[in-house]
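# Overview (structure and organization)
The lines below spell out each chain.
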Amino acid sequence: MSPRVAVITGAARGLGQEFAVALAGRGCPVAGFDIADQSVTQKRIEDAGGSFLPVPVDVTDETSVRAAVTTVADYFGGLHIVVNNAGIFPPILFEDTTLDDWHRILRLNLDGPFLVTRAALPHLRAASWGRVVNIVSAVVFLGPPDLVAYTTSKAGLVGFTRALATAVGADGITVNAIAPGLTATETAIATTGADGGFDRVRALQAVPRTERPEDLISTLLYVCDEGSGFLTGQTINVDGGSARH
Ligand SMILES: NC(=O)c1ccc[n+]([C@@H]2O[C@H](COP(=O)([O-])OP(=O)(O)OC[C@H]3O[C@@H](n4cnc5c(N)ncnc54)[C@H](O)[C@@H]3O)[C@@H](O)[C@H]2O)c1
């Protein structure tokens, strides 16, 4: 892949950190958008000889997102790849879900990608080349009972992926979604994966082991590849075969 400038939201830890390290490892200058400290990500990338710009920003804040995108484009001289990864997935029974829970989940998981992508698009268009990658979830195929608000948000992001792909296809920009299964990040281990969650999900999978963040890297690189310009509007499920989509 030639060096394209990438923004990864939620790059401080978990999947976002792995995505940032992987793209930096392919020569991409990478910026991370996060509300948390990104020094671990920065150290991993810089120790490996890569380039990383940590930008402290809440991706649900419109004004801050615009400023953050401008900062990245000015610093690296452009912007080509947007990975909308920041998200929350708190398990809550449907009958216990408050309107505040609902709004909090939709705000980060849907407003975030909308704001970041909308702010970044002029830069992708200026380059006549772009990759927007939305991190959704295999829950859109499985529909687990304790993740109704979350599943709704990620299904919304699948719709966003499809319609936006149509809107920007003529500009050399692809828009795709990657759907991980339950993956052993710190957050998943403490929440969805706790109390036997990993065992239950593993029992559904064709590949009988717990998904790791590294399992998603080849798909991210594939979607972002120079040769993937005809791949757009798709949701690629990488969950060990629990949902055979
Ligand atoms: N881990 C899984 O099992 C799994 C499975 C399917 C999909 N996903 C999706 O993958 C993505 C990453 O999951 P993860 O397990 O790595 O999560 P995580 O909790 O480890 O990381 C999320 C990151 O987003 C950041 N963040 C939170 N709110 C933010 C905000 N307002 N602005 C900017 N950054 C913010 C956090 O600080 C954190 O660094 C999420 O969208 C999640 O829904 C995860």
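Keep in mind the model is a prediction, meaning the values are calculated, not measured.

Conventions we followed
Residues numbered from 1 in each chain as written. Predicted model: local features only at pLDDT ≥ 70, side-chain atom pairs only at ≥ 80, totals over all residues. Helix = DSSP H or I, 4+ residues; strand = E, 2+ residues; numbered from the N terminus. Buried ≥ 20, exposed ≤ 12 C-beta atoms within 10 Å, placed from the backbone. Contact = placed C-beta atoms within 7 Å. Core = buried A, V, L, I, M, F, W, Y, C linked by C-beta atoms within 7 Å. Arc of directions from axis to C-beta. Expected span 1.5 Å × (residues − 1). UniProt positions renumbered as here; feature names shortened; annotations may be inferred. Axes fitted to C-alpha atoms, helices over the stretch in contact; angles between N-to-C directions. Parallel < 35°, antiparallel > 145°, perpendicular 65-115°, else oblique. Left-handed = near helix turned anticlockwise from the far one by under 90°. Nonpolar A, V, L, I, M, F, W, Y, C, P; charged D, E, K, R; others polar. Pairing = 2+ DSSP bridges.

### A look at the overall build of the protein chain
Across its full length, the protein chain carries 9 helices and 7 strands. Counting only C-alpha atoms, the protein chain reaches 45 × 35 × 35 Å along its principal axes. A burial count over the protein chain gives 46% of its 245 residues as buried. Sequence separation of at least 24 residues holds for 70% of the intrachain contacts in the protein chain that already meet a minimum separation of 6.

### Some remarks on the nonpolar core
Counting 63 residues, the largest nonpolar core has Val7, Ala20 and Val30 as the members making the most contacts within it. At 8 residues, helix α4 (residues 99-127) tops the list of elements feeding residues into this core. The residues contacting Val30, other than those within four sequence positions of it, are Ala6, Ile8, Ala20, Leu23, Ala24, Ile45, Gly50, Ser51 and Phe52.

### A closer look at helix α2 (residues 39-47)
Helical geometry note: an α-helix holds 3.6 residues per turn, so side chains three or four residues apart project in the same direction. Residues of α2 that are buried include every one of Thr41, Gln42 and Ile45, and no others. Down the axis of α2, the sector holding all buried residues measures 100°, keeping them to one side. Among the exposed residues of α2, those pointing more than 90 degrees away from its buried face are Ser39, Lys43 and Asp47. For α2, the elements touching its buried residues are α1 (14-25), β2 (30-34) and β3 (52-56). Gly49 occupies a position one or two residues after α2 and carries a positive phi of about 90°.

### Some thoughts on α4
Over its 29 residues, α4 runs 41 Å from end to end, which matches the ideal 42 Å to within 8%, given 1.5 Å per residue. Positive phi shows up at Ser128, right after α4, with a value of about 50°.

### As for the UniProt feature "domain: Ketoreductase" (unreviewed entry) in the protein chain
As annotated by UniProt and renumbered to match this structure, "domain: Ketoreductase" (unreviewed entry) occupies residues 4-181. Across residues 4-181, the secondary structure splits into 51% helix and 18% strand, with the terminal C-alpha atoms separated by 28 Å.

### Notes on unusual backbone geometry
At Ser128, a position not held by glycine, the phi torsion is positive, near 50°. When you line up the elements, Ser128 lands in the loop between α4 and β5 (130-135). Overall, Ser128 belongs to the exposed group, with 9 C-beta atoms counted inside 10 Å. At Asp195, a position not held by glycine, the phi torsion is positive, near 55°. Among the structural elements, Asp195 can be located in the loop between α7 (186-190) and α8 (197-204).

### Considerations on the packing of α1 against α2
How two helices sit against one another is set out by the angle between their axes and by the gap between those axes. For the pair α1 and α2, interaxial distance at closest approach is 10 Å and the crossing angle is 20°. Relative to α2, α1 is oriented roughly parallel. Between α1 and α2 lies a crossing of right-handed hand. Of α2, the residues touching α1 (which contributes Gln17, Ala20, Val21 and Ala24) are Val40, Thr41, Arg44 and Ile45. Split into classes, the residues belonging to the contact of α1 with α2 amount to 5 nonpolar, 2 polar and 1 charged.

### What about the sheet that holds strand β4 (residues 81-84)?
Strand order in the open sheet formed by 7 strands is β3-β2-β1-β4-β5-β6-β7, and the pairing between neighbours is parallel. Taken across any chain shown, the strands that pair with only one partner, and hence form the sheet edges, are β3 and β7 (235-238). Direction aside, neighbouring strands of the sheet carry axes that sit 20° apart on average. In this structure, β4 lies alongside β5, joined through 4 bridges in parallel fashion. From the neighbouring strand, Asn84 faces β5, where its bridge partner is Asn134.

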